[in-house]
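Inside the fold
Residue-level listing of the chains:
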Amino acid sequence: MIEDSVIKMINSSNQTKDRYKEYELVEKAQKGSDNAFEELINIYKEYLYKMSFLYVKNEHDALDIYQETVYKAYINIHKLKNSRFFKTWITKILINNVKLKQRHDNKFTDEKLDNYIGEISYSSLEEKIDLYDAIDSLNDKYKTSIILQYFHDFSISQISEIMDCNENTVKSYIRRAKKKLYDLLKEEK
């Protein structure tokens, strides 16, 4: 019991130090430090790529969205008002890029690429394919709220900021999405 408390305190202290370092990096990047911006992107590169891949299910498109997100964040970092919200801010940029990509793809359906799912083992894919298909079939607002909350542990208030809607609307989206997922997965069995 005491050991667990000590471990939790140490982990909490390390997380606080990491957050403080991140805030400092954001502030330095806003003042023009390319190295600070690069360090920030290195912290979030895996998160940003996975997030974009969850939407487009295609390695090439996910990389395009990732690169466009990094570019837009770089040229607009000075517009970020609060360094504590960097992750929320860059996620919002990414989601806007996903929406732009989807609009573009809808105009040019003949040019769609085959989906490529990197190096995912068959057994893990088989276990999750029904859930991913069900999530993919959701309306964008439901899909975004579910992905942000359950895949990336964003709070309701962060999701509301990213989606530009109030917290009760986000709660409603999540509740409706969970009901729809339950119904879809129940049908599968």
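Residues numbered from 1 in each chain as written. Predicted model: local features only at pLDDT ≥ 70, side-chain atom pairs only at ≥ 80, totals over all residues. Heavy atoms only, no water.

**Details of the pattern of salt bridges**
Within the structure shown, the criterion is met by eight salt bridges. Between K50 and E46 there is a salt bridge whose closest N-O contact spans 2.8 Å. With K50 and E46 both in helix 2 (residues 34-56) and four residues apart, the pair spans about one turn of that helix. Among the residues examined, E46 registers a relative accessible area of 51% and is labelled exposed. In this structure, D164 and K92 form a salt bridge, with 2.7 Å as the shortest nitrogen-oxygen distance. With D164 in the loop between helix 7 (156-163) and helix 8 (167-188) and K92 in helix 4 (residues 86-107), the pair connects residues that are 72 residues apart, well separated along the chain. Taken together, the shared-partner salt bridges in this structure form one network comprising K57, D136 and K143. (Salt bridge = Lys/Arg side-chain N within 4 Å of Asp/Glu carboxyl O. Helix = DSSP H or I, 4+ residues; strand = E, 2+ residues; numbered from the N terminus. Buried < 20%, exposed > 50% of the residue type's maximum accessible area, 1.4 Å probe, protein only.)

**Re helix 6 (residues 140-151)**
The first and last C-alpha atoms of helix 6 sit 15 Å apart over 12 residues, in line with the 16 Å expected at 1.5 Å per residue. Y142, K143, T144, S145, I146, I147, L148 and Q149 are the residues of helix 6 that are buried. N-cap assignment for helix 6: the residue whose side-chain oxygen lies 3.1 Å from the backbone N of K141 is N139. After helix 6 finishes, the residue D153 shows a positive phi value of roughly 55 degrees. (Expected span 1.5 Å × (residues − 1). Polar contact = N/O pair within 3.5 Å; in protein donor to acceptor, adjacent residues only side chain to side chain.)

**Some thoughts on the packing of aromatic side chains**
On inspection of all chains with the given rule, the structure shows eight aromatic pairs. Residues F37 and Y74 carry aromatic rings whose centres are separated by 5.2 Å and whose planes lie at 70 degrees to one another, so their mutual orientation is edge-to-face. One end of the pair, F37, is in helix 2; the other, Y74, is in helix 3 (residues 59-76), with 37 residues separating them in the sequence. Chaining the aromatic ring pairs together yields one cluster made of Y44, Y47, F86, W89 and F154. Here K87 stacks its cationic end above the ring of Y47, 4.7 Å away from the centre of that ring. Its guanidinium or amino end placed over the ring of F154, K87 lies 5.2 Å from that ring's centre, counting from NZ or CZ. (Phe/Tyr/Trp six-rings, centres within 6.5 Å; stacked < 30°, edge-to-face > 60°. Lys NZ or Arg CZ within 6 Å of the ring centre and 35° of its normal.)

**Some thoughts on helix 2**
Approximately 55 degrees is the largest bend angle found in helix 2, and it occurs at Y44. Count one or two residues on from helix 2 and you reach K57, which has phi positive near 55 degrees. (Bend = angle between axes of the 7 residues up to and from the residue.)

**Observations regarding unusual backbone geometry**
Despite not being glycine, K57 shows a phi value in the positive range, around 55 degrees. Relative to the elements of secondary structure, K57 occurs in the loop between helix 2 and helix 3. Positive phi, normally seen in glycine, also occurs at D153, with a value near 55 degrees. Within the secondary structure, D153 is located in the loop between helix 6 and helix 7.

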